[in-house]
Amino acid sequence: MSNSNYIKIFTGNFITVQRIVSDLEKTNIRPVVKDQSESARLAGFGPSIPGQQELYVHKDELDKAVEIVETITSEFQD
(Lines give C-alpha, C1' and ligand atoms only; values in the text may rest on other atoms or scores of the structure.)
Protein backbone atom coordinates (compact mmCIF):
# COMPACT_ATOMS: atom_id res chain seq x y z
CA MET A 1 0.00 0.00 0.00
CA SER A 2 1.56 3.25 -1.10
CA ASN A 3 0.77 5.90 1.52
CA SER A 4 0.38 8.60 -1.11
CA ASN A 5 -2.38 6.68 -2.91
CA TYR A 6 -4.53 5.86 0.13
CA ILE A 7 -6.33 8.30 2.39
CA LYS A 8 -7.73 7.67 5.87
CA ILE A 9 -11.47 8.28 5.88
CA PHE A 10 -12.56 6.97 9.26
CA THR A 11 -11.36 5.86 12.68
CA GLY A 12 -13.73 3.98 14.94
CA ASN A 13 -14.76 0.77 16.61
CA PHE A 14 -14.78 -2.65 14.95
CA ILE A 15 -18.56 -2.82 14.48
CA THR A 16 -18.85 0.56 12.77
CA VAL A 17 -15.81 -0.11 10.59
CA GLN A 18 -17.24 -3.45 9.47
CA ARG A 19 -20.55 -1.81 8.56
CA ILE A 20 -18.73 0.82 6.50
CA VAL A 21 -16.54 -1.83 4.84
CA SER A 22 -19.65 -3.80 3.88
CA ASP A 23 -21.32 -0.76 2.30
CA LEU A 24 -18.13 0.29 0.51
CA GLU A 25 -17.69 -3.18 -0.95
CA LYS A 26 -21.27 -3.08 -2.28
CA THR A 27 -20.13 -0.17 -4.47
CA ASN A 28 -16.92 -1.96 -5.53
CA ILE A 29 -14.69 0.11 -3.26
CA ARG A 30 -12.06 -2.08 -1.59
CA PRO A 31 -11.00 -0.36 1.63
CA VAL A 32 -7.93 -1.15 3.72
CA VAL A 33 -8.51 -1.64 7.45
CA LYS A 34 -5.60 -0.88 9.75
CA ASP A 35 -5.83 -2.12 13.32
CA GLN A 36 -2.95 -0.73 15.38
CA SER A 37 -3.97 -2.60 18.52
CA GLU A 38 -3.94 -5.95 16.71
CA SER A 39 -0.58 -5.16 15.14
CA ALA A 40 0.81 -4.18 18.54
CA ARG A 41 -0.57 -7.34 20.13
CA LEU A 42 1.01 -9.53 17.48
CA ALA A 43 4.34 -7.75 17.98
CA GLY A 44 4.16 -8.27 21.75
CA PHE A 45 3.21 -4.74 22.75
CA GLY A 46 0.08 -3.49 24.46
CA PRO A 47 -2.53 -1.69 22.36
CA SER A 48 -2.55 2.10 22.35
CA ILE A 49 -6.33 2.43 21.95
CA PRO A 50 -7.97 -1.00 22.07
CA GLY A 51 -10.67 -1.63 19.48
CA GLN A 52 -9.97 1.37 17.27
CA GLN A 53 -9.49 0.72 13.59
CA GLU A 54 -8.58 3.03 10.73
CA LEU A 55 -10.18 2.82 7.32
CA TYR A 56 -8.34 3.84 4.14
CA VAL A 57 -9.49 4.07 0.53
CA HIS A 58 -7.69 4.77 -2.71
CA LYS A 59 -7.66 8.48 -3.49
CA ASP A 60 -9.61 7.84 -6.72
CA GLU A 61 -12.52 6.49 -4.66
CA LEU A 62 -12.44 9.16 -1.96
CA ASP A 63 -15.56 11.18 -2.84
CA LYS A 64 -17.92 8.21 -3.01
CA ALA A 65 -16.37 6.62 0.08
CA VAL A 66 -16.79 9.78 2.16
CA GLU A 67 -20.47 9.95 1.17
CA ILE A 68 -20.98 6.41 2.44
CA VAL A 69 -19.13 7.08 5.71
CA GLU A 70 -21.16 10.25 6.34
CA THR A 71 -24.42 8.40 5.70
CA ILE A 72 -23.56 5.62 8.10
CA THR A 73 -22.15 7.83 10.86
CA SER A 74 -25.18 10.12 10.68
CA GLU A 75 -27.39 7.07 11.40
CA PHE A 76 -25.56 6.56 14.68
CA GLN A 77 -26.03 10.20 15.67
CA ASP A 78 -29.80 10.24 15.17
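Anything mentioned here points back to the structure above.
Just so it is clear, the model here is predicted, and its values are computed rather than measured. (Residues numbered from 1 in each chain as written. Predicted model: local features only at pLDDT ≥ 70, side-chain atom pairs only at ≥ 80, totals over all residues. Heavy atoms only, no water.)

Novice: Lay out the sheet that holds strand β2 (residues 32-34) with the relevant residues and their values.
Specialist: Taking strand neighbours across the sheet as the criterion, the 3 strands line up as β1-β3-β2 in an open arrangement whose pairing is antiparallel. At either end of the open sheet lies a strand with only one pairing partner, and these are β1 (6-13) and β2. The average undirected angle you get between the axes of adjacent strands in this sheet is 25 degrees. Against the sheet, helix α1 (residues 14-26) contacts β1, β2 and β3 (52-58), and its axis sits at roughly 135 degrees relative to β1. Packing of helix α3 (residues 62-77) onto the sheet brings it into contact with β1 and β3, and relative to β1 it is tilted by some 15 degrees. (Pairing = 2+ DSSP bridges. Helix = DSSP H or I, 4+ residues; strand = E, 2+ residues; numbered from the N terminus. Axes fitted to C-alpha atoms, helices over the stretch in contact; angles between N-to-C directions. Contact = heavy atoms within 4.5 Å.)

Novice: Could you give me a rundown of α3, with the residues and numbers involved?
Specialist: Taking 1.5 Å of rise per residue, 16 residues should cover 22 Å, and α3 covers 22 Å from first to last C-alpha, within 8% of that figure. Within the sequence span of α3, burial applies to A65, I68, V69 and I72. Here the buried residues of α3 occupy an arc of 100 degrees about the axis, which is enough to place them on one side. Pointing more than 90 degrees away from the buried face of α3 are the exposed residues D63, E70 and Q77. Among the structural elements, β1, α1 and β3 are those in contact with the buried residues of α3. (Expected span 1.5 Å × (residues − 1). Buried < 20%, exposed > 50% of the residue type's maximum accessible area, 1.4 Å probe, protein only. Arc of directions from axis to C-beta.)

Novice: Go over unusual backbone geometry with me, naming the residues and quoting the values.
Specialist: Not every positive phi belongs to a glycine, and N28 is a case in point at roughly 65 degrees. Tracing the backbone through its elements, the reader meets N28 in the loop between α1 and β2. Residue classification places N28 among the exposed positions, given a relative accessible area of 58%.

Bear in mind that shape data such as this cannot, by itself, settle questions of function.
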